[in-house]
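Structural description and commentary
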Amino acid sequence: MTVITSRRRAAKADAQGPKPKGGFRYRTAVAIFVVPFAVLFVAFYLVPILYAVYQSLLKIQRQGTFGAPTQVFGGLSQYVLVFQDSVFWSSILRVLAFGIVQVPVMLALALLFALLLDSPLLRGKRFFRLAFFAPYAVPGVIAAIMWGYLYSPSLSPFKFVTGNVDLLGGGTILWAIANVVTWVYVGYNMLIIYSSLLAIPTEIYEAARLDGASQWRIAIAIKIPLVVPAIILTAVFSVIGTLQLLTEPLVFRQFTSSISSTFTPNMLVYSTSSVPNFNLAAAFSVVLAVATFILSIGFLRLTQRKADQ
């Protein structure tokens with residue numbers, strides 16, 4: 001009976017597999033890598049979000065006309081003001097129009113440059129890779145100032161253009177900003193797509209060449225379909241960045257009067273908090289964050305569904 005029991009225990013132990021050695025050290029190593037990230041994630045991501053939501057549920061109340069202001073619970077009163085604010089929704093529509101035009105143009109250029117870098121016919125790939133990526137290394141503020149001078153009729157070295165086309169006027173300023181954003185971020189998106197191209201097995205290209213496919217045919221039929229996930233990723237990043245547009249229009253306000261303090265949603269949040277009305281600014285921020293999340297997830301689901309079909 002004892003022998004049978006021992007055999008059963010041995011069989012059970014074999015079924016469970018060998019016990020991991022150094023389990024404590026393994027858990028300690030995992031904690032060393034995970035805990036710092038978790039602390040920073042909570043401190044600089046979750047806590048600010050929760051604090052913004054908390055602030056958005058408060059309002060300022062005064063005792064009489066000249067009484068001292070006090071914060072009291074206001075429920076959803078700030079959100080009612082947000083949804084009644086036509087200026088906020090006008091700024092949302094403005095950046096959506098910006099994104100509908102700018103994002104496809106930027107990603108098309110990024111894809112084109114990535115395909116050029118991956119082409120065996122291109123010479124000087126290191127130079128062009130650096131040249132395409134270099135604008136992303138320029139800080140956004142510096143890039144906006146530089147382009148602001150180029151657009152200014154009195155300062156630009158291209159006066160034959162700025163003298164005939166008002167690039168800082170009300171009808172063109174949004175697209176002038178789109179040009180700056182495209183110039184800065186094409187190289188960043190190109191690098192993501194190019195990295196995806198480098199991950200494609202070379203055997204696929206060799207088989208296509210044996211079948212007589214040209215470089216153009218390989219790019220259209222093989223490369224582009226295989227980098228669709230990378231294009232979707234860059235598109236999602238671009239959608240998020242579009243709704244967060246702030247640096248370029250904020251700098252361009254120094255060059256033109258066509259940009260108001262409520263030109264983009266983030267500028268509206270910034271100007272509202274400068275009044276100061278932190279509670280309403282927090283409500284603007286929460287609504288903008290939710291809208292960004294919904295648009296990003298919706299775009300991701302839509303593109304993945306089309307890719308699966």
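Right above here is the structure, for reference.
What comes next concerns the included structure. (Residues numbered from 1 in each chain as written. Predicted model: local features only at pLDDT ≥ 70, side-chain atom pairs only at ≥ 80, totals over all residues. Heavy atoms only, no water.)

Excluding glycine, residues mostly have negative phi values, and the peptide bonds linking residues are mostly trans. Cis peptide bonds are those with omega within 30 degrees of zero, and the linkage from V275 to P276 qualifies with 5 degrees. Its location among the elements puts P276 in the loop between α13 (265–273) and α14 (278–308). (Helix = DSSP H or I, 4+ residues; strand = E, 2+ residues; numbered from the N terminus.)

Glancing now at the layout of surface pockets. The calculated volume of the largest pocket comes to roughly 660 Å³. Lining the largest pocket are 21 residues, with I49, Q244, S285, L288 and A289 positioned closest to its centre. Elements that contribute at least two residues to the lining of the largest pocket include exactly α2 (23–56), α11 (228–243), α13 and α14. Considering every element that reaches the lining of the largest pocket, the biggest residue donor is α14, with 10 residues. For the lining of the largest pocket, the residue count by class is 16 nonpolar, five polar and no charged. Its boundaries defined by the atoms lining it, the second largest pocket holds a volume of some 400 Å³. In terms of lining, the second largest pocket is formed by 20 residues, of which the most central are V181, Y185, G241, T242 and E248. Of all the secondary structure elements, the ones that give two or more residues to the lining of the second largest pocket are α4 (86–118), α8 (173–198), α11 and α12 (247–252). (1 Å grid on protein atoms, 1.4 Å probe; cavity = no way out; pocket = protein on both sides within 12 Å on 5 of 7 lines; lining within 4 Å. Points joined across faces, edges and corners; volume = space filled by probe spheres on them. Nonpolar A, V, L, I, M, F, W, Y, C, P; charged D, E, K, R; others polar.)

Here E248 shows up in helix α12. With no salt bridge to any partner, buried E248 finds its closest opposite charge in R253, at an N-O distance of 14 Å. Those residues in contact with E248 that lie beyond four places of it in its chain are A144, I177, V180 and V181. (Buried < 20%, exposed > 50% of the residue type's maximum accessible area, 1.4 Å probe, protein only. Lys, Arg positive; Asp, Glu negative; His and termini not counted. Salt bridge = Lys/Arg side-chain N within 4 Å of Asp/Glu carboxyl O. Contact = heavy atoms within 4.5 Å.)

The end-to-end C-alpha separation of helix α6 (residues 140–151) is 16 Å, in line with the 16 Å expected for 12 residues at 1.5 Å each. Those residues of α6 that fall on the buried side of the exposure criterion are A143, A144, W147, G148 and Y151. Looking down the long axis of α6, one finds its buried residues gathered within 135 degrees of arc, a one-sided arrangement. Buried residues along α6 sit against α7 (159–162), α8 and α12. (Expected span 1.5 Å × (residues − 1). Arc of directions from axis to C-beta.)

Time to look at the packing of aromatic side chains. Both the distance between ring centres and the angle between the ring planes are used here to describe each pair of aromatic rings. Following the criterion strictly, the structure yields 18 aromatic pairs and no others. For the pair Y51 and Y54, a centre-to-centre distance of 6.4 Å together with 40 degrees between the ring planes defines the contact as tilted. In this pair, Y51 and Y54 are both assigned in helix α2, three residues apart and thus about one turn of the helix distant. Their ring planes at 70 degrees and their centres at 5.9 Å tell us that W147 and W183 sit as a pair that is edge-to-face. You can see W147 sitting in helix α6 and its partner W183 sitting in helix α8, a full 36 residues away along the chain. Its relative accessible area of 16% is what places W147 among the buried residues. Judged by its relative accessible area of 29%, W183 falls in the partly exposed class. Put simply, the rings of W147, Y149, Y151, W183, F252 and F255 touch in pairs and so form one group of aromatic residues. Between R94 and the ring centre of F263, over which it is positioned, the NZ or CZ distance is 4.8 Å. (Phe/Tyr/Trp six-rings, centres within 6.5 Å; stacked < 30°, edge-to-face > 60°. Lys NZ or Arg CZ within 6 Å of the ring centre and 35° of its normal.)

On the surface, a nonpolar cluster with roughly 800 Å² of combined accessible area is contributed by F37, F41, V42, Y45, L46, V47, I49, L50 and V53. If you trace the backbone, I49 turns up in helix α2. (Patch = residues over 30% accessible without salt bridge, like charges linked within 9 Å, V, L, I, M, F, W, Y side chains within 5 Å. Areas by Shrake-Rupley, 256 points an atom, 1.4 Å probe, with all protein chains shown as cover.)

A few words now on the environment of N179. Of note, N179 is situated in helix α8. Once you skip the residues sitting within four places of it in the chain, N179 turns out to touch W147 and Y151.

Running from amino to carboxyl end, helix α5 (residues 125–137) crosses α8 at an angle of 125 degrees, the nearest separation of the two axes being 6 Å. Considering the angle they form, α5 stands oblique to α8. As α5 runs across α8, the sense of the crossing is left-handed. For the pair α5 and α8, contact is made by R129, F132, F133, P135 and Y136 and by W183, V184, Y185, G187, Y188, M190, L191 and Y194, respectively. (Axes fitted to C-alpha atoms, helices over the stretch in contact; angles between N-to-C directions. Parallel < 35°, antiparallel > 145°, perpendicular 65-115°, else oblique. Left-handed = near helix turned anticlockwise from the far one by under 90°.)

Treat this as a map of the structure, not an account of what it does.
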